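In case you want the letters, here they are:
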Amino acid sequence: MRLIAETLACRRSGRRIFSGLSFTLADGDALVVTGRNGAGKSSLLAILAGRLRPESGRLRAEGIGERTIPETLHVVGHRDGLKGALTAQENLAFARDLLGDAAMAPREALARLGLAHAAGLPVGYLSAGQRRRVALARLLVCRRPLWLLDEPTAALDAASQAMLAGLMREHLAAGGLVVAATHQALGLDDARRLSIEAYRPARPSPDAAAEDWA
Amino acid sequence: MTRAFLAVLARDLRLAGRIGGSGALGLVFFLMIVVMVPFALGPDLNLLSRIGPAILWLAAVLATLIGLDRLFQADEEDGSLDLIAGTPAPLELVVVAKVVAHWLTTGLPLALAAPVFGLLVALTPTAMAATSLTLLVGTPALTFIGAAGAALTASIRRGGLILAVVVLPLMIPTLIFGVSATEAAGGGTVPFATPLMILAALSLVAAVTGTLAAAAALRWGE
(Lines give C-alpha, C1' and ligand atoms only; values in the text may rest on other atoms or scores of the structure.)
Protein backbone atom coordinates (compact mmCIF):
# COMPACT_ATOMS: atom_id res chain seq x y z
CA MET A 1 0.00 0.00 0.00
CA ARG A 2 0.96 3.64 -0.35
CA LEU A 3 0.07 6.15 2.34
CA ILE A 4 -0.08 9.74 1.15
CA ALA A 5 -0.46 12.70 3.49
CA GLU A 6 -1.05 16.04 1.80
CA THR A 7 -0.48 19.30 3.69
CA LEU A 8 -1.97 18.04 6.95
CA ALA A 9 -2.69 20.61 9.64
CA CYS A 10 -3.77 19.95 13.18
CA ARG A 11 -5.35 22.16 15.78
CA ARG A 12 -5.96 21.12 19.37
CA SER A 13 -7.81 23.21 21.93
CA GLY A 14 -7.67 26.20 19.59
CA ARG A 15 -3.90 26.03 19.13
CA ARG A 16 -2.41 25.17 15.76
CA ILE A 17 0.30 22.60 16.40
CA PHE A 18 1.50 21.81 12.92
CA SER A 19 0.56 22.61 9.37
CA GLY A 20 1.68 21.87 5.83
CA LEU A 21 2.88 18.40 6.72
CA SER A 22 3.21 16.12 3.68
CA PHE A 23 4.83 12.75 3.11
CA THR A 24 4.42 9.62 1.06
CA LEU A 25 5.16 6.14 2.33
CA ALA A 26 5.42 3.15 0.02
CA ASP A 27 5.85 -0.58 0.72
CA GLY A 28 8.81 -1.22 3.00
CA ASP A 29 9.14 2.40 4.15
CA ALA A 30 9.58 3.43 7.74
CA LEU A 31 9.01 6.92 9.09
CA VAL A 32 10.34 8.00 12.47
CA VAL A 33 8.57 11.05 13.83
CA THR A 34 10.55 13.07 16.35
CA GLY A 35 9.92 16.23 18.30
CA ARG A 36 9.82 17.53 21.84
CA ASN A 37 6.99 16.66 24.24
CA GLY A 38 3.73 18.18 23.13
CA ALA A 39 4.97 18.88 19.61
CA GLY A 40 2.11 16.88 18.10
CA LYS A 41 3.59 13.43 17.48
CA SER A 42 0.67 11.61 19.04
CA SER A 43 -1.78 13.95 17.30
CA LEU A 44 -0.21 13.07 13.96
CA LEU A 45 -0.57 9.36 14.72
CA ALA A 46 -4.19 9.91 15.80
CA ILE A 47 -4.87 11.61 12.46
CA LEU A 48 -3.25 8.72 10.59
CA ALA A 49 -5.33 6.25 12.62
CA GLY A 50 -8.52 8.15 11.77
CA ARG A 51 -9.21 9.01 15.41
CA LEU A 52 -8.69 12.73 14.89
CA ARG A 53 -9.79 14.82 11.96
CA PRO A 54 -7.10 17.07 10.47
CA GLU A 55 -7.95 20.75 10.41
CA SER A 56 -7.02 20.82 6.75
CA GLY A 57 -5.20 18.64 4.27
CA ARG A 58 -5.94 15.15 3.13
CA LEU A 59 -4.87 11.64 3.95
CA ARG A 60 -5.32 8.88 1.42
CA ALA A 61 -4.04 5.42 0.67
CA GLU A 62 -3.56 3.50 -2.54
CA GLY A 63 -3.57 -0.22 -3.10
CA ILE A 64 -5.78 -1.22 -0.20
CA GLY A 65 -8.80 -2.16 -2.28
CA GLU A 66 -12.17 -1.74 -0.60
CA ARG A 67 -10.78 -1.28 2.87
CA THR A 68 -10.60 2.02 4.70
CA ILE A 69 -7.32 3.23 6.21
CA PRO A 70 -8.28 2.31 9.82
CA GLU A 71 -8.89 -1.26 8.63
CA THR A 72 -5.33 -1.59 7.35
CA LEU A 73 -3.41 -0.52 10.42
CA HIS A 74 -2.34 -1.45 13.91
CA VAL A 75 -1.99 1.11 16.67
CA VAL A 76 0.19 0.54 19.71
CA GLY A 77 0.21 3.56 21.97
CA HIS A 78 0.02 4.75 25.56
CA ARG A 79 -3.42 3.29 26.01
CA ASP A 80 -2.77 -0.31 25.13
CA GLY A 81 -6.34 -1.56 24.65
CA LEU A 82 -5.78 -4.52 26.97
CA LYS A 83 -8.28 -5.64 29.59
CA GLY A 84 -6.59 -6.26 32.93
CA ALA A 85 -9.10 -8.93 33.96
CA LEU A 86 -8.48 -11.06 30.86
CA THR A 87 -5.38 -13.18 30.31
CA ALA A 88 -2.79 -12.19 27.73
CA GLN A 89 -3.97 -14.98 25.49
CA GLU A 90 -7.64 -13.98 25.77
CA ASN A 91 -6.78 -10.37 24.97
CA LEU A 92 -4.93 -11.41 21.82
CA ALA A 93 -7.63 -13.86 20.74
CA PHE A 94 -10.17 -11.04 21.10
CA ALA A 95 -8.04 -8.71 18.96
CA ARG A 96 -7.69 -11.41 16.31
CA ASP A 97 -11.44 -12.05 16.13
CA LEU A 98 -12.25 -8.34 16.18
CA LEU A 99 -9.74 -7.19 13.58
CA GLY A 100 -9.71 -10.23 11.29
CA ASP A 101 -6.69 -10.91 9.02
CA ALA A 102 -5.55 -13.62 11.43
CA ALA A 103 -1.87 -14.53 11.09
CA MET A 104 -0.11 -16.06 14.09
CA ALA A 105 -1.75 -17.92 16.97
CA PRO A 106 -1.85 -15.83 20.19
CA ARG A 107 0.33 -18.32 22.07
CA GLU A 108 2.94 -18.34 19.30
CA ALA A 109 3.01 -14.54 19.15
CA LEU A 110 3.52 -14.34 22.91
CA ALA A 111 6.33 -16.88 22.70
CA ARG A 112 7.92 -14.75 20.00
CA LEU A 113 7.93 -11.80 22.39
CA GLY A 114 9.33 -13.91 25.21
CA LEU A 115 6.09 -14.05 27.16
CA ALA A 116 5.12 -17.71 26.71
CA HIS A 117 5.08 -18.17 30.49
CA ALA A 118 2.61 -15.29 30.96
CA ALA A 119 0.04 -16.42 28.38
CA GLY A 120 -2.40 -17.61 31.05
CA LEU A 121 -1.93 -14.71 33.48
CA PRO A 122 -4.39 -11.82 33.72
CA VAL A 123 -2.80 -8.78 32.07
CA GLY A 124 -3.48 -6.76 35.21
CA TYR A 125 -0.80 -8.77 37.01
CA LEU A 126 1.90 -8.01 34.43
CA SER A 127 4.53 -5.27 34.67
CA ALA A 128 4.42 -2.21 32.41
CA GLY A 129 7.04 -3.66 30.07
CA GLN A 130 5.27 -7.01 29.88
CA ARG A 131 1.96 -5.28 29.12
CA ARG A 132 3.65 -3.34 26.34
CA ARG A 133 4.95 -6.60 24.90
CA VAL A 134 1.47 -8.14 24.98
CA ALA A 135 0.21 -5.09 23.07
CA LEU A 136 3.07 -5.51 20.58
CA ALA A 137 2.16 -9.19 20.16
CA ARG A 138 -1.06 -7.92 18.58
CA LEU A 139 1.06 -6.82 15.61
CA LEU A 140 1.86 -10.46 14.92
CA VAL A 141 -1.57 -11.93 15.64
CA CYS A 142 -3.24 -9.99 12.83
CA ARG A 143 -1.52 -9.22 9.55
CA ARG A 144 -1.94 -5.55 8.71
CA PRO A 145 0.33 -3.52 6.44
CA LEU A 146 0.61 -0.27 8.41
CA TRP A 147 1.97 -0.15 11.98
CA LEU A 148 1.48 3.05 13.96
CA LEU A 149 3.69 2.93 17.03
CA ASP A 150 3.58 5.67 19.66
CA GLU A 151 6.67 5.47 21.89
CA PRO A 152 6.93 1.71 21.25
CA THR A 153 10.07 1.36 23.36
CA ALA A 154 8.54 2.92 26.49
CA ALA A 155 9.02 0.59 29.48
CA LEU A 156 10.89 -1.98 27.37
CA ASP A 157 14.28 -3.33 28.47
CA ALA A 158 17.27 -3.44 26.11
CA ALA A 159 16.63 -7.02 24.99
CA SER A 160 12.99 -6.28 24.20
CA GLN A 161 13.96 -3.14 22.30
CA ALA A 162 16.31 -5.19 20.12
CA MET A 163 13.55 -7.73 19.56
CA LEU A 164 11.10 -4.98 18.58
CA ALA A 165 13.68 -3.64 16.10
CA GLY A 166 13.90 -7.16 14.65
CA LEU A 167 10.10 -7.38 14.32
CA MET A 168 9.96 -4.02 12.56
CA ARG A 169 12.77 -4.96 10.15
CA GLU A 170 10.95 -8.21 9.28
CA HIS A 171 7.70 -6.32 8.74
CA LEU A 172 9.45 -3.79 6.46
CA ALA A 173 11.22 -6.54 4.54
CA ALA A 174 7.82 -8.17 3.91
CA GLY A 175 6.59 -4.90 2.37
CA GLY A 176 4.97 -3.39 5.45
CA LEU A 177 4.92 0.25 6.56
CA VAL A 178 5.93 1.59 9.96
CA VAL A 179 5.28 5.03 11.40
CA ALA A 180 6.82 5.44 14.84
CA ALA A 181 6.84 8.44 17.15
CA THR A 182 9.75 8.21 19.51
CA HIS A 183 12.58 9.92 21.36
CA GLN A 184 14.87 6.93 21.23
CA ALA A 185 16.81 5.15 18.54
CA LEU A 186 14.69 2.32 17.18
CA GLY A 187 17.42 0.43 15.35
CA LEU A 188 15.98 1.18 11.91
CA ASP A 189 18.94 2.36 9.85
CA ASP A 190 17.24 3.34 6.61
CA ALA A 191 14.15 4.89 8.19
CA ARG A 192 13.14 8.34 7.06
CA ARG A 193 13.00 11.01 9.72
CA LEU A 194 10.40 13.65 10.17
CA SER A 195 10.93 16.32 12.78
CA ILE A 196 7.49 17.62 13.54
CA GLU A 197 8.85 20.88 14.92
CA ALA A 198 9.79 21.91 11.37
CA TYR A 199 6.08 22.18 10.61
CA ARG A 200 5.20 24.37 13.53
CA PRO A 201 3.42 27.56 12.48
CA ALA A 202 5.84 30.50 12.50
CA ARG A 203 3.91 32.43 15.13
CA PRO A 204 0.62 31.75 16.86
CA SER A 205 -2.01 33.88 15.13
CA PRO A 206 -3.85 36.00 17.70
CA ASP A 207 -7.16 35.92 15.80
CA ALA A 208 -7.19 32.12 15.70
CA ALA A 209 -7.71 31.93 19.45
CA ALA A 210 -10.24 34.74 19.32
CA GLU A 211 -12.37 33.03 16.69
CA ASP A 212 -12.37 29.88 18.73
CA TRP A 213 -13.99 31.62 21.62
CA ALA A 214 -16.38 33.60 19.44
CA MET B 1 -18.54 -9.52 10.78
CA THR B 2 -20.35 -12.17 12.84
CA ARG B 3 -16.94 -13.06 14.24
CA ALA B 4 -16.35 -9.51 15.49
CA PHE B 5 -19.87 -9.43 16.98
CA LEU B 6 -19.36 -12.71 18.83
CA ALA B 7 -15.87 -11.64 19.94
CA VAL B 8 -17.16 -8.46 21.59
CA LEU B 9 -20.14 -10.30 23.10
CA ALA B 10 -17.98 -13.09 24.54
CA ARG B 11 -15.39 -10.66 25.88
CA ASP B 12 -17.96 -8.49 27.68
CA LEU B 13 -19.70 -11.53 29.18
CA ARG B 14 -16.34 -12.83 30.38
CA LEU B 15 -15.39 -9.43 31.84
CA ALA B 16 -18.74 -9.22 33.68
CA GLY B 17 -17.93 -12.51 35.38
CA ARG B 18 -14.37 -11.57 36.38
CA ILE B 19 -13.20 -9.48 39.31
CA GLY B 20 -14.38 -5.89 39.02
CA GLY B 21 -17.14 -6.83 36.58
CA SER B 22 -20.69 -5.76 37.37
CA GLY B 23 -22.15 -9.22 36.77
CA ALA B 24 -24.21 -9.90 39.90
CA LEU B 25 -24.11 -6.35 41.24
CA GLY B 26 -27.29 -5.16 39.50
CA LEU B 27 -29.20 -8.11 40.88
CA VAL B 28 -28.01 -7.46 44.44
CA PHE B 29 -28.90 -3.78 44.12
CA PHE B 30 -32.37 -4.78 42.85
CA LEU B 31 -32.80 -7.04 45.88
CA MET B 32 -31.71 -4.27 48.27
CA ILE B 33 -34.31 -1.80 46.97
CA VAL B 34 -37.10 -4.38 47.05
CA VAL B 35 -36.17 -5.39 50.59
CA MET B 36 -36.10 -1.78 51.81
CA VAL B 37 -39.63 -0.96 50.66
CA PRO B 38 -41.59 -3.23 53.09
CA PHE B 39 -39.47 -1.87 55.94
CA ALA B 40 -40.36 1.68 54.93
CA LEU B 41 -44.07 1.08 54.33
CA GLY B 42 -44.79 -1.33 57.15
CA PRO B 43 -46.37 -4.78 57.02
CA ASP B 44 -49.57 -3.82 55.20
CA LEU B 45 -49.88 -6.75 52.79
CA ASN B 46 -52.76 -5.28 50.76
CA LEU B 47 -50.85 -2.05 50.16
CA LEU B 48 -47.66 -3.94 49.29
CA SER B 49 -49.31 -6.25 46.79
CA ARG B 50 -51.07 -3.26 45.18
CA ILE B 51 -47.88 -1.25 44.64
CA GLY B 52 -45.60 -4.30 44.33
CA PRO B 53 -45.31 -4.29 40.50
CA ALA B 54 -44.48 -0.59 40.52
CA ILE B 55 -41.75 -1.16 43.11
CA LEU B 56 -40.25 -4.02 41.14
CA TRP B 57 -40.26 -1.95 37.97
CA LEU B 58 -38.71 1.09 39.67
CA ALA B 59 -36.05 -1.12 41.19
CA ALA B 60 -35.38 -2.65 37.78
CA VAL B 61 -34.94 0.79 36.20
CA LEU B 62 -32.46 1.82 38.89
CA ALA B 63 -30.63 -1.52 38.78
CA THR B 64 -30.20 -1.16 35.01
CA LEU B 65 -28.21 2.02 35.63
CA ILE B 66 -25.65 0.01 37.62
CA GLY B 67 -22.66 -0.63 35.43
CA LEU B 68 -24.14 1.29 32.52
CA ASP B 69 -21.76 4.21 33.03
CA ARG B 70 -18.81 1.87 32.46
CA LEU B 71 -20.32 0.37 29.30
CA PHE B 72 -18.20 2.51 26.95
CA GLN B 73 -16.13 4.48 29.46
CA ALA B 74 -13.98 1.50 30.40
CA ASP B 75 -13.18 0.89 26.73
CA GLU B 76 -12.49 4.58 26.16
CA GLU B 77 -10.05 4.75 29.08
CA ASP B 78 -7.91 1.73 28.27
CA GLY B 79 -7.82 2.35 24.52
CA SER B 80 -10.08 -0.55 23.52
CA LEU B 81 -12.23 1.91 21.56
CA ASP B 82 -9.18 2.75 19.41
CA LEU B 83 -8.81 -0.96 18.79
CA ILE B 84 -12.51 -1.30 17.96
CA ALA B 85 -12.19 1.60 15.47
CA GLY B 86 -9.95 -0.67 13.38
CA THR B 87 -12.46 -3.48 12.97
CA PRO B 88 -13.98 -4.03 9.54
CA ALA B 89 -17.38 -4.50 11.20
CA PRO B 90 -19.57 -1.39 11.53
CA LEU B 91 -19.51 0.38 14.89
CA GLU B 92 -23.28 -0.14 15.25
CA LEU B 93 -22.70 -3.90 15.35
CA VAL B 94 -20.14 -3.51 18.13
CA VAL B 95 -22.62 -1.35 20.07
CA VAL B 96 -25.33 -4.01 19.71
CA ALA B 97 -22.90 -6.70 20.91
CA LYS B 98 -21.98 -4.67 23.99
CA VAL B 99 -25.61 -3.84 24.77
CA VAL B 100 -26.70 -7.47 24.38
CA ALA B 101 -23.91 -8.54 26.75
CA HIS B 102 -24.99 -5.89 29.26
CA TRP B 103 -28.63 -6.98 29.02
CA LEU B 104 -27.72 -10.65 29.46
CA THR B 105 -25.86 -9.80 32.67
CA THR B 106 -28.33 -7.20 34.02
CA GLY B 107 -31.79 -7.19 32.44
CA LEU B 108 -32.28 -10.92 31.99
CA PRO B 109 -31.33 -11.86 35.60
CA LEU B 110 -33.73 -9.14 36.84
CA ALA B 111 -36.61 -10.61 34.84
CA LEU B 112 -35.81 -14.14 36.00
CA ALA B 113 -35.45 -13.14 39.66
CA ALA B 114 -38.56 -10.94 39.76
CA PRO B 115 -40.96 -13.75 40.87
CA VAL B 116 -38.73 -14.57 43.84
CA PHE B 117 -38.41 -10.93 44.86
CA GLY B 118 -42.16 -10.55 44.30
CA LEU B 119 -42.64 -12.69 47.43
CA LEU B 120 -41.18 -9.84 49.47
CA VAL B 121 -43.91 -7.46 48.34
CA ALA B 122 -46.75 -10.02 48.59
CA LEU B 123 -47.49 -10.39 44.88
CA THR B 124 -50.09 -12.90 43.71
CA PRO B 125 -48.79 -15.68 41.41
CA THR B 126 -50.45 -14.00 38.41
CA ALA B 127 -48.78 -10.68 39.19
CA MET B 128 -45.43 -12.46 39.65
CA ALA B 129 -45.64 -14.06 36.22
CA ALA B 130 -46.82 -10.80 34.67
CA THR B 131 -43.97 -8.79 36.25
CA SER B 132 -41.45 -11.32 35.04
CA LEU B 133 -42.84 -11.25 31.50
CA THR B 134 -43.08 -7.46 31.29
CA LEU B 135 -39.52 -7.10 32.60
CA LEU B 136 -38.34 -9.60 30.00
CA VAL B 137 -40.00 -7.56 27.24
CA GLY B 138 -39.26 -4.11 28.66
CA THR B 139 -35.69 -4.24 30.03
CA PRO B 140 -34.10 -4.29 26.53
CA ALA B 141 -35.62 -0.83 25.99
CA LEU B 142 -33.99 0.37 29.23
CA THR B 143 -30.59 -1.00 28.23
CA PHE B 144 -30.64 0.41 24.70
CA ILE B 145 -31.76 3.86 25.90
CA GLY B 146 -29.06 3.71 28.56
CA ALA B 147 -26.43 2.77 25.98
CA ALA B 148 -27.02 6.03 24.09
CA GLY B 149 -26.46 7.96 27.33
CA ALA B 150 -23.43 5.85 28.18
CA ALA B 151 -21.88 6.64 24.79
CA LEU B 152 -22.51 10.36 25.29
CA THR B 153 -20.82 10.37 28.70
CA ALA B 154 -18.02 7.92 27.77
CA SER B 155 -15.24 10.52 27.90
CA ILE B 156 -16.53 12.40 30.96
CA ARG B 157 -14.98 11.64 34.34
CA ARG B 158 -17.62 10.81 36.95
CA GLY B 159 -20.14 10.62 34.13
CA GLY B 160 -22.36 8.20 36.04
CA LEU B 161 -24.60 10.83 37.58
CA ILE B 162 -24.92 12.81 34.35
CA LEU B 163 -25.83 9.55 32.66
CA ALA B 164 -28.67 8.93 35.13
CA VAL B 165 -29.99 12.48 34.70
CA VAL B 166 -29.90 12.22 30.90
CA VAL B 167 -31.32 8.74 30.64
CA LEU B 168 -34.00 8.43 33.34
CA PRO B 169 -36.54 10.80 31.71
CA LEU B 170 -36.27 8.77 28.50
CA MET B 171 -37.11 5.61 30.45
CA ILE B 172 -40.45 6.97 31.70
CA PRO B 173 -42.59 5.60 28.81
CA THR B 174 -41.14 2.13 29.35
CA LEU B 175 -41.85 2.39 33.07
CA ILE B 176 -45.45 3.52 32.48
CA PHE B 177 -46.32 0.71 30.10
CA GLY B 178 -44.37 -1.89 32.08
CA VAL B 179 -46.33 -1.16 35.24
CA SER B 180 -49.68 -0.76 33.48
CA ALA B 181 -49.22 -4.08 31.66
CA THR B 182 -48.47 -5.80 34.95
CA GLU B 183 -51.53 -4.26 36.58
CA ALA B 184 -53.71 -5.15 33.59
CA ALA B 185 -52.78 -8.81 34.14
CA GLY B 186 -54.36 -8.69 37.59
CA GLY B 187 -57.71 -7.59 36.20
CA GLY B 188 -58.96 -4.29 34.90
CA THR B 189 -60.63 -2.75 31.90
CA VAL B 190 -57.62 -3.01 29.55
CA PRO B 191 -56.62 -6.45 28.22
CA PHE B 192 -53.07 -7.52 29.17
CA ALA B 193 -51.92 -7.77 25.55
CA THR B 194 -52.43 -4.07 24.72
CA PRO B 195 -49.83 -2.46 27.03
CA LEU B 196 -47.55 -5.48 26.51
CA MET B 197 -47.53 -4.89 22.75
CA ILE B 198 -46.71 -1.21 23.27
CA LEU B 199 -43.92 -2.26 25.64
CA ALA B 200 -42.53 -4.60 22.97
CA ALA B 201 -42.76 -1.78 20.43
CA LEU B 202 -40.84 0.52 22.78
CA SER B 203 -38.10 -2.08 23.05
CA LEU B 204 -37.87 -2.45 19.28
CA VAL B 205 -37.78 1.30 18.68
CA ALA B 206 -35.16 1.74 21.41
CA ALA B 207 -33.06 -1.05 19.88
CA VAL B 208 -32.83 0.86 16.60
CA THR B 209 -32.56 4.46 17.82
CA GLY B 210 -30.38 3.59 20.83
CA THR B 211 -27.89 1.71 18.66
CA LEU B 212 -27.66 4.45 16.04
CA ALA B 213 -27.46 7.20 18.68
CA ALA B 214 -24.75 5.42 20.67
CA ALA B 215 -22.63 4.74 17.58
CA ALA B 216 -23.06 8.35 16.44
CA ALA B 217 -22.06 9.63 19.89
CA LEU B 218 -18.94 7.44 19.91
CA ARG B 219 -17.94 8.65 16.43
CA TRP B 220 -18.60 12.26 17.35
CA GLY B 221 -16.44 11.87 20.43
CA GLU B 222 -13.52 11.09 18.19
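Residues numbered from 1 in each chain as written. Chains lettered and ligands numbered in written order. Predicted model: local features only at pLDDT ≥ 70, side-chain atom pairs only at ≥ 80, totals over all residues.

The name an unreviewed UniProt entry assigns to chain B is Heme exporter protein B, from the organism Methylobacterium oryzihabitans. Of chain B, the UniProt comment under Function (unreviewed entry) reads exactly: "Required for the export of heme to the periplasm for the biogenesis of c-type cytochromes." The record in UniProt for chain B states the following under Subcellular location (unreviewed entry): "Cell inner membrane". (UniProt positions renumbered as here; feature names shortened; annotations may be inferred.)

Looking up chain A in an unreviewed UniProt entry gives the name Heme ABC exporter ATP-binding protein CcmA, with the organism given as Methylobacterium oryzihabitans. Database annotation for chain A, UniProt heading Sequence similarities (unreviewed entry): "Belongs to the ABC transporter superfamily."

K.L.:
Talk me through the nonpolar core; I want residue IDs and the actual numbers.
P.N.:
Judged by nonpolar contacts, the single largest core of 127 residues is most densely connected at Leu98, Ala137, Leu148 and Val179 of chain A together with Ala60, Ala147 and Ala151 of chain B. In terms of residues, this core owes the most to one element, helix α8 (residues 125-152) of chain B, which gives 14 residues. Residues in contact with Ala151 of chain B, not counting those within four places in the same chain, are Phe72, Ala214, Ala217 and Leu218 of chain B. (Core = buried A, V, L, I, M, F, W, Y, C linked by C-beta atoms within 7 Å. Buried ≥ 20, exposed ≤ 12 C-beta atoms within 10 Å, placed from the backbone. Helix = DSSP H or I, 4+ residues; strand = E, 2+ residues; numbered from the N terminus. Contact = placed C-beta atoms within 7 Å.)

K.L.:
Give a description of the UniProt feature "transmembrane region" (unreviewed entry) in chain B that names residues and reports values.
P.N.:
Residue and element names in this part refer to chain B. According to UniProt, the feature "transmembrane region" (unreviewed entry) maps to residues 21-41, 47-68, 100-123, 129-154, 161-180 and 192-218 in the numbering used here. The span residues 129-154 shows a helical share of 92% and a strand share of 0%, and its end C-alpha atoms are spaced 36 Å apart. Span residues 192-218 is 96% helix and 0% strand, its end C-alpha atoms 38 Å apart.

K.L.:
Lay out the sheet that holds strand β6 (residues 146-150) of chain A with the relevant residues and their values.
P.N.:
Residue and element names in this part refer to chain A. Sheet architecture is open: 5 strands sit in the order β5-β6-β7-β3-β8, paired in parallel fashion. The two strands at the open ends of the sheet, each matched to only one other strand, are β5 (73-76) and β8 (192-195). Averaged over all adjacent pairs, the angle separating strand axes in this sheet is 15 degrees, with direction ignored. Bridging between strand β3 (residues 30-34) and β8 involves 4 bridges; their strand directions are parallel. In the strand pairing of β8, Leu31 is matched with Arg192. Contacts between helix α1 (residues 41-48) and the sheet are confined to β3, β6 and β7 (177-181), with β7 contributing the most and set at about 150 degrees to the helix. Its contacts with the sheet place helix α4 (residues 128-141) against β5 and β6, and it is angled at close to 175 degrees to β5. (Pairing = 2+ DSSP bridges. Axes fitted to C-alpha atoms, helices over the stretch in contact; angles between N-to-C directions.)

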